[in-house]
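Structural overview for review
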Amino acid sequence: MAILFPATAEFIGALYAPCRFEGSVNDLEVEGTVPTELEGTFIQVAPDPAYPPMLANDIFFNGDGAVTAFRFSGGHVDFQRRYVETDRLKAHRAARRSLHGIYRNPFTDDPAVAGASATTANTNVIAFGDHLLALKEDSLPVALDPVTLETIGNWDFAGQIGDGPFTAHPKRDPEDGSLLAFGYEARGIASRDIVYYEFDAIGCKRRETWVEAPYAGMVHDFAVTPNFVIFPVLPATADLERIMAGGRHFEWQAELDFQFGIMRRGGDGSDIRWLKAPNCFQAHVLNAFETGDLIHLDMPSASGNVFPFFPEANGSSPLAHELHYELTRWTFDLANPGEPPLRTTLYDAPCEFPRCDERVVGRPYRHAIMLGCNMRLFASERMGPPPWQFFNQLVRLDLSTGLAESWCGGDAECFQEPTFVPRGPSAAEGDGFILALLNHLESATTELVILDTRDIAQGPVATVRLPLRLRMSLHGSWVATPPFPKP
Ligand code: V55
Ligand code: FE
């Protein structure tokens, strides 16, 4: 019996063919010189389906989480990759096949896994307390051993939170190391409930606040400032009847406003205020900050749906080139609560995977890094149209001047999310290094490039070669040594 992944766009090519490798490779090849300031681990996670889909096809967001760690020491880099052994993956391995149907629809799953945790743990991985936490927004985090990457299990913060959803984009408060997070659809599939959590630096829950969103839209990321949190609710909505009938979890609503929920961190949630913006697509938060009565929120935005796998009810979704993309600043005036947010453009070109220096989360700040896409730099005459989620530019934007510097990875290459590492504990904001995986579409190889923020246009100061290709991933972070030793 043949056992094959489908030859659909979701499973082929240098970005999307499953990788499925687990293991380690010590002392990777290095071109150039790895800065010795880099002492620590770059961790990230990719959706990487371990088994062909149970149904005919599947979307990128539904793959099993595979965590990669690059351990840096003394100019050397070791590589380690391991699947998160979720309850879902364990069940698939026992059956030697997938038992789950479509994305976040338990009504399409094999009855053998009914009621079990279905997390794929595939969206982000962070260090918190004694563990790494692999995150998927519909489920609890999954705790991993930081040294071996072995899976410990679903993580409810030692019983302090219920078995519910938990965002893949929690924030660390740079002031005290506390972890701020939330879950949406928090009282069941398609519910409008959002739960907000704060944990202190050692994981003791200090707040749990419940609010209701105006509609059951996706809330992929959020923003925090010293006094407020903001929930951006996307007009991609869940509907229980549709899901129970075996339909998609999310459907794009082209007539629905985008909504921002602004809530005081210290309150009971009753002060939450919902502000509308015209229909648009925004998933990731670069940063947010307060100045007096104003709150500023910076997010890449697109003029319409960028998730073709969550189309409108009639099945349609715009083509990528039909949309306008930019980095947007939304300014909310707390002194004029009736006013719609003021919209300004910070960078007028396609951009995604925005990151700031994590030491300025929630504070006034100056530097952004992100991925861009410039199709004039892409060899479409050789390559044809690029695959979904294609980024050939690394961009560093100075928000104080509006000036952007960039480096293009090549005429047929795609970056994965960049991560910023400060040059040292007392480095100025944004001064340090950028780490990013770079996939070469023609040779189907992957490298880890390291750029110096003082001159990114010159290209990498070091290129770390890998003896295997890595699948397109989502998010990750830098964990400085100490705390985690080398295996
Ligand atoms: C996103 C990714 C997800 C998901 C929901 O990028 C939203 C947005 C990788 O999974 O489940
Ligand atoms: Fe994300």
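All figures in this text were calculated on a predicted structure; none of them were measured in a lab.

Quick look at the coordination of the iron ion (ligand 2) now. For the iron ion (ligand 2), the protein coordination sphere consists of His169 (NE2), His220 (NE2), His284 (NE2) and His475 (NE2), at 2.0 to 2.1 Å. Classification of the site at the iron ion (ligand 2) as irregular follows from its 4 donor atoms and the range of 93 to 163 degrees in their angles at the metal. Judged by relative accessible area, which is 2%, histidine 475 ranks as buried.

The next point concerns a nonpolar patch on the surface. Together, Phe107, Ile189, Leu240 and Met244 give the surface a local cluster of nonpolar side chains, amounting to about 350 Å² of exposed area. Following the sequence through the fold, phenylalanine 107 ends up in the loop between helix H2 (87-95) and strand S6 (124-128). Judged by its relative accessible area of 43%, phenylalanine 107 falls in the partly exposed class.

Residue position: aspartate 193 is located in strand S12 (residues 193-199). Among the polar contacts made by the side chain of aspartate 193, one reaches the side chain of arginine 187 at a distance of 3.2 Å. Every residue in contact with aspartate 193, bar those within four places of it in the chain, is listed here: Gly183, Tyr184, Glu185, Ala186, Arg187, Trp210, Val211 and Glu212.

Turning next to the site of ligand 1. The environment of ligand 1 is formed by Phe61, Tyr103, Asn122, Thr123, Lys136, Glu137, Met218, His220, Phe307 and Leu474. Here an oxygen atom of ligand 1 and a side-chain polar atom of threonine 123 are 3.5 Å apart. In this structure, an oxygen atom belonging to ligand 1 sits 2.6 Å away from a side-chain N or O atom of lysine 136. Burial of ligand 1 by the protein chains amounts to 98% of its free accessible area of 300 Å². Among the residues making up the shell around ligand 1, the classes are represented as 5 nonpolar, 3 polar and 2 charged.

Here we come to the packing of aromatic side chains. Scanning the model with the defined rule gives 42 aromatic pairs in all. Between phenylalanine 166 and phenylalanine 199, the aromatic rings sit 6.4 Å apart at their centres with planes inclined by 40 degrees, giving tilted as the arrangement. Residue phenylalanine 166 is found in the loop between strand S9 (151-154) and strand S10 (171-172), and its partner phenylalanine 199 is found in strand S12; the two are separated by 33 residues along the sequence. We note that phenylalanine 166, like phenylalanine 199, is buried. With a centroid separation of 5.0 Å and an interplanar angle of 70 degrees, the aromatic rings of phenylalanine 260 and phenylalanine 332 are classed as edge-to-face. One end of the pair, phenylalanine 260, is in strand S18 (residues 258-264); the other, phenylalanine 332, is in strand S22 (residues 325-333), with 72 residues separating them in the sequence. Residues phenylalanine 260 and phenylalanine 332 agree in their burial class; the two are buried. One aromatic cluster is present, formed by Tyr16, Phe60, Phe61, Tyr103, Phe250, Trp252, Phe281, Phe307, Phe309, Phe310 and Trp388 through successive ring pairs.

Conventions adopted
Residues numbered from 1 in each chain as written. Chains lettered and ligands numbered in written order. Predicted model: local features only at pLDDT ≥ 70, side-chain atom pairs only at ≥ 80, totals over all residues. Heavy atoms only, no water. Donors = N, O, S within 2.8 Å, 3.2 Å for Na, K, Ca; no water. Tetrahedral: all angles 85-135°; square planar, octahedral: opposite > 155°, others 65-115°. Buried < 20%, exposed > 50% of the residue type's maximum accessible area, 1.4 Å probe, protein only. Patch = residues over 30% accessible without salt bridge, like charges linked within 9 Å, V, L, I, M, F, W, Y side chains within 5 Å. Areas by Shrake-Rupley, 256 points an atom, 1.4 Å probe, with all protein chains shown as cover. Salt bridge = Lys/Arg side-chain N within 4 Å of Asp/Glu carboxyl O. Helix = DSSP H or I, 4+ residues; strand = E, 2+ residues; numbered from the N terminus. Polar contact = N/O pair within 3.5 Å; in protein donor to acceptor, adjacent residues only side chain to side chain. Contact = heavy atoms within 4.5 Å. Near = heavy atom within 4 Å. Nonpolar A, V, L, I, M, F, W, Y, C, P; charged D, E, K, R; others polar. Phe/Tyr/Trp six-rings, centres within 6.5 Å; stacked < 30°, edge-to-face > 60°.

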